[in-house]
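Report on the structure
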Amino acid sequence: MSEPEIKDTTDFIREIVNEDIASGKFKGRVHTRFPPEPNGYLHIGHAKAICISFGIAEDYPGGLYNLRFDDTNPSKEEVEYVDSIQEDIRWLGFDWQDRLFFASDYFQQMYDYAVDLIKKGKAFVCDLNAEEMREYRGTLKEGGKESPYRERSVEENLDLFERMKKGEFADGSKTLRAKIDMSSPNINMRDPVIYRILNETHHRTGDAWCIYPMYDYAHCIEDSIEGITHSLCSLEFEDHRPLYDWFLDTLDIYHPQQIEFARLNLTNTVMSKRKLLQLVKENHVRGWDDPRMPTISGMRRRGYRAQAIRKFAELVGIAKNNSVIDMAFLEHVIREDLNESSARMMAVLDPLKVIIDNYPEDQVEMFAVPNHPQDPEDESTRQVPFTKEIYIERSDFMEEPPKKYFRLAPGKEVRLFKAYYLTYQSFEKNADGEIIAIHCTYDPESKGGQTPDGRKVRGTIHWVSASHGVKAEIRLYDLLFTSENPNDVEEDQHFTDLINPESLKIVEGVVEPALLQLTAQDRVQFMRQGFFCIDSQDFTKETPVYNRIISLKDSWGKQQNKA
């Protein structure tokens, strides 16, 4: 067997792993896990945690990682969430192979360990209700009081715990608590609850159990059973680590190492599963996979690529202190990823008809338009039809333009991308005074965008044939919240009051015919508009729907260039 490889240190977790390998701790093994609760969809914060836990294991030869569902609260868990979590993690590019586990796999073993704690005098059945337990627990500044049931005999506790298991008591009437130290400065060590009574049907075990373990008790035992070496958690579990260690040491079983890192926080969104669920249930969004949501499924539907999310997690890095990442940075990473790979295609989102008076009535020309004009080495093209009537963006014409306006206007000539030069002649207005069509002439000598006389035209605009273009629904997504911190609200406000009313605009545009051939994997740039993809749920060739992934404007990149 070859010696374990020590990786170049890039963060404090890998430093710990390298030290453990060098010292022979865990016999050179690296085995991590990701333990989601199946009570909601994963979000971008989970994506970072997955990239850390699974990515670190992948860095080391022989490294392994488990996917384990912490299904210890059947009142909030659903098979839908189990399935969606697996789909999301696979999409990110991780494969746990045959190492898919559930906390419920270990319910009997956890129960047996709880019995061992009782026999050791380290656990007791308590009759305090939730409110009384809070009163006895104390505060961060003052120690707690011991439960009046703390000194029950081992025999009585064993009897009561078995009867709890048999379903003889009502929900909330009894708990099993660890017997540690009610005067501990760490409030998590003040005789925490290990088991509670919960008469709910479990998605895997049915009605076999009516008592369920608490997370602090369950997850350290799960780690131990599975032979995890480095149990990587977010920073809020730092104060729980002494309890993690206490359970394993008291039970005298294999002891992984818990390590905490800062969770991901983003501006202009919320990460709380409770709040995300509220957004869904109150119809503020169109479901967990709404492209405005920070969920992995929402980002996938919006058009983010898995490799870009992994790149973002890498660039954010692993820290020990919590911070908030500007949403503009995530958008910058997504934009950089799409800019390199996306074909440039033409779509008009606010159509204004142009009639080319001197162009033959029934003529149709096909122009070979480059797919990747940003890449001189890519010579691939597609055929785009050109006709007497075309559509341009309404914003590409002004009746009274300001100075330095280089698009279409009275007395102005523009270049139609890879087609002809176009000169304004007149316009038509409706009864309301709105311009409904523009009349122009074209220069037949300018085919392809250049003329024999070499005259320069400063403005280039995109276009779509009026007779060949396809009407499409185009969804323009923006930030879900107007506030950078939607969790910070006034007393009389709710976080939903800060939802951006402009977070979704739906327009009817016209797209070039080739855009009907896009697949769910394709990402394109609508020239001068932004990056788009088909909507994976609603797109059909009869009723095409496109999502804006992200605009072309890069506020974060501009800030960095100025710095």
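Heads up: the structure comes first, above all this text.
Residues numbered from 1 in each chain as written. Predicted model: local features only at pLDDT ≥ 70, side-chain atom pairs only at ≥ 80, totals over all residues. Heavy atoms only, no water.

Structural notes on the overall build of the protein
Where we set the bar: A helix here means a DSSP run of H or I that spans at least four residues, while a strand means a run of E at least two residues long, and both kinds are numbered starting from the N terminus. C-alpha atoms define the radius of gyration in this analysis, and the globule rule sets the expected value at 2.2 Å times the number of residues to the power 0.38. Partly exposed residues are those whose accessible area sits between 20% and 50% of the maximum for their type, while under 20% is buried and over 50% is exposed, using a 1.4 Å probe and protein chains only. The contact rule is simple, with two residues in contact once any of their heavy atoms fall within 4.5 Å. Per-residue and other accessible areas follow the Shrake-Rupley method at a 1.4 Å probe size, with only the shown protein chains counted as cover for residues. Charge convention: Lys and Arg are scored as positive, Asp and Glu as negative, and His as well as the terminal groups of each chain are ignored. Where a charge sits is defined by one atom per residue type, namely NZ (Lys), CZ (Arg), CG (Asp) or CD (Glu).
Regarding its fold elements, the protein presents 13 helices and 25 strands. On C-alpha atoms alone, the protein measures out to a radius of gyration of 31 Å, which is more than a quarter above the 24 Å that the 2.2 N^0.38 rule sets for 563 residues. Along the first, second and third principal axes, the C-alpha set of the protein runs to 100 × 60 × 45 Å. Residues classed as buried in the protein amount to 54% of the 563 residues present. Restricting to contacts in the protein with at least 6 residues of sequence separation, those with at least 24 account for 71%. Accessible surface for the protein amounts to roughly 26,200 Å². Of this, 45% is attributable to carbon and sulfur atoms. Once the 71 positive and 97 negative side-chain charges of the protein are each reduced to a mean point, those two points are 2 Å apart.

What to know about the packing of aromatic side chains
Inclusion rule: Note on ring pairs: Phe, Tyr and Trp rings are taken, using the six-membered ring of Trp, and paired if centres are within 6.5 Å. Classes follow the plane angle, with under 30 degrees stacked, over 60 edge-to-face and the rest tilted. Lysine NZ or arginine CZ positioned within 6 Å of the ring centre and within 35 degrees of the ring normal marks a charge as sitting over the ring.
Overall, the coordinates contain 33 aromatic pairs when judged by the stated rule. Ring plane angle 55 degrees and centroid distance 5.9 Å describe the contact between tyrosine 111 and tryptophan 209, whose orientation is recorded as tilted. In this pair, tyrosine 111 sits in helix α4 (residues 107-119) while tryptophan 209 sits in the loop between β6 (193-197) and β7 (211-213), placing the two residues 98 residues apart along the sequence. Of the two residues examined, tyrosine 111 and tryptophan 209, each falls in the buried class. Through a chain of ring-to-ring contacts, the aromatic side chains of Phe107, Tyr111, Phe161, Tyr195, Trp209, Tyr212, Tyr217, Trp246 and Phe247 assemble into a single cluster. Seen from the ring of tryptophan 209, lysine 165 lies directly overhead, with NZ or CZ sitting 5.1 Å from the centre. For arginine 204, the ring lying beneath its charged end belongs to phenylalanine 102, and the centroid distance is 4.0 Å.

Thoughts on the side chain of threonine 250
Within the secondary structure, threonine 250 sits in helix α8 (residues 241-251). The buried category is assigned to threonine 250, whose relative accessible area is 17%.

A few points about the packing of helix α7 (residues 215-226) against α8
Applied cut-off: An axis is simply a line fitted to the C-alpha atoms; with a helix, the fit covers only the stretch in contact. Between two such axes, the angle follows the N-to-C directions and lies from 0 to 180 degrees. Throughout, the term roughly parallel applies to angles under 35 degrees, roughly antiparallel to angles over 145, roughly perpendicular to angles from 65 to 115, and oblique to all others. Definitions for this section: a left-handed crossing has its near helix turned counterclockwise from the far helix by less than a right angle. A right-handed crossing has that turn clockwise. Three categories are distinguished: nonpolar for Ala, Val, Leu, Ile, Met, Phe, Trp, Tyr, Cys and Pro, charged for Asp, Glu, Lys and Arg, and polar for the others, with Gly belonging to the last.
Axis separation between α7 and α8 bottoms out at 9 Å; the angle between their running directions is 60 degrees. By the angle class used here, α7 and α8 are oblique. In this structure, the crossing between α7 and α8 has a hand that is right-handed. Residues Asp216, Tyr217, His219, Cys220, Ile221, Asp223 and Ser224 of α7 pack against Leu243, Tyr244, Phe247, Leu248 and Leu251 of α8. Looking at side-chain class alone, the contact of α7 with α8 contains eight nonpolar, two polar and two charged residues.

Section: helix α2 (residues 44-59)
Turn by turn, an α-helix covers 3.6 residues, leaving residues three or four places apart pointing in a common direction. Stated formally: Here a helix's expected span is defined as the number of its residues, less one, multiplied by 1.5 Å.
Its 16 residues place the ends of α2 22 Å apart at the C-alpha level, agreeing with the 22 Å of an ideal helix rising 1.5 Å per residue. Judged by how many residues are buried, α2 sits mostly within the fold: 14 of 16 residues are covered.

Some details on the pairing of strand β4 (residues 123-126)
We apply this condition: We call two strands paired when DSSP finds no fewer than two bridges between them.
The alternating pattern of β4 places Ala123 and Val125 on one face and Phe124 and Cys126 on the opposite face, and all of these are buried. Two strands pair when backbone bridges link them, and β4 and strand β5 (residues 175-178) are joined in this way by four bridges, in the antiparallel orientation. Directly across from alanine 123, in β5, lies its bridge partner alanine 178.

Quick notes on the pattern of salt bridges
What counts is decided by this rule: Salt-bridge detection follows one rule: a side-chain nitrogen of Lys or Arg within 4 Å of a carboxyl oxygen of Asp or Glu.
With the rule as written, the count across this model stands at 44 salt bridges. Residue arginine 310 is joined to glutamate 58 by a salt bridge in which the shortest nitrogen-to-oxygen separation is 3.7 Å. Here the residue arginine 310 occupies a position in helix α11 (residues 306-316), and glutamate 58 occupies one in helix α2, the gap between them amounting to 252 residues. With a relative accessible area of 27%, arginine 310 lands in the partly exposed category. On the basis of relative accessibility, which here comes to 41%, the residue glutamate 58 falls in the partly exposed class. For aspartate 538, the salt bridge goes to arginine 301, with nearest N and O atoms at 3.3 Å. Here the residue aspartate 538 occupies a position in the loop between β24 (530-534) and β25 (545-551), and arginine 301 occupies one in helix α10 (residues 296-302), the gap between them amounting to 237 residues. Given a relative accessible area of 10%, arginine 301 falls into the buried group. Salt bridges here are not isolated pairs; linked through shared partners, they connect Asp289, Arg301, Glu473, Arg475, Asp535 and Asp538.

A short note on the packing of α4 against α8
Closest axis-to-axis distance for the α4/α8 pair is 10 Å, and the angle between their directions is 75 degrees. Comparing the axis directions of α4 and α8 gives the class roughly perpendicular. Contact residues: Tyr113, Asp116 and Leu117 in α4; Phe247, Thr250 and Leu251 in α8. Broken down by class, the residue content of the contact of α4 with α8 amounts to four nonpolar, one polar and one charged.

Observations concerning the state of the cysteines
Heads up, the rule is: Criterion for a disulfide: a pair of cysteine sulfur atoms at a distance within 2.5 Å.
Under the defined criterion, the tally for this structure stands at zero disulfides. Among the cysteines around cysteine 210, which has no disulfide bond, cysteine 126 carries the closest sulfur, lying 18 Å off. The structure places no disulfide on cysteine 220, whose sulfur is separated from the nearest cysteine sulfur, that of cysteine 233, by 10 Å.

What to know about helix α5 (residues 130-137)
Quick note on the threshold: Side-chain atoms alone can form a polar contact between residues adjacent in sequence; in general such a contact is a pair of N or O atoms within 3.5 Å, and within protein one must be able to donate a hydrogen while the other accepts it.
By the N-cap criterion, in which a side-chain oxygen at the helix start approaches the backbone nitrogen of a residue two or three places on, α5 is capped by asparagine 129, the distance to glutamate 131 being 3.1 Å. Positioned one or two residues after α5, glycine 138 has a phi angle of 90 degrees, which is positive.

Looking at the sheet that holds β5
The strand order across the open sheet built from four strands is β4-β5-β6-β7, with neighbouring strands paired in antiparallel fashion. Whereas interior strands pair on both sides, the edge strands pair on one side only; in this sheet they are β4 and β7. For this sheet the average axis-to-axis angle between neighbouring strands, irrespective of direction, equals 20 degrees.

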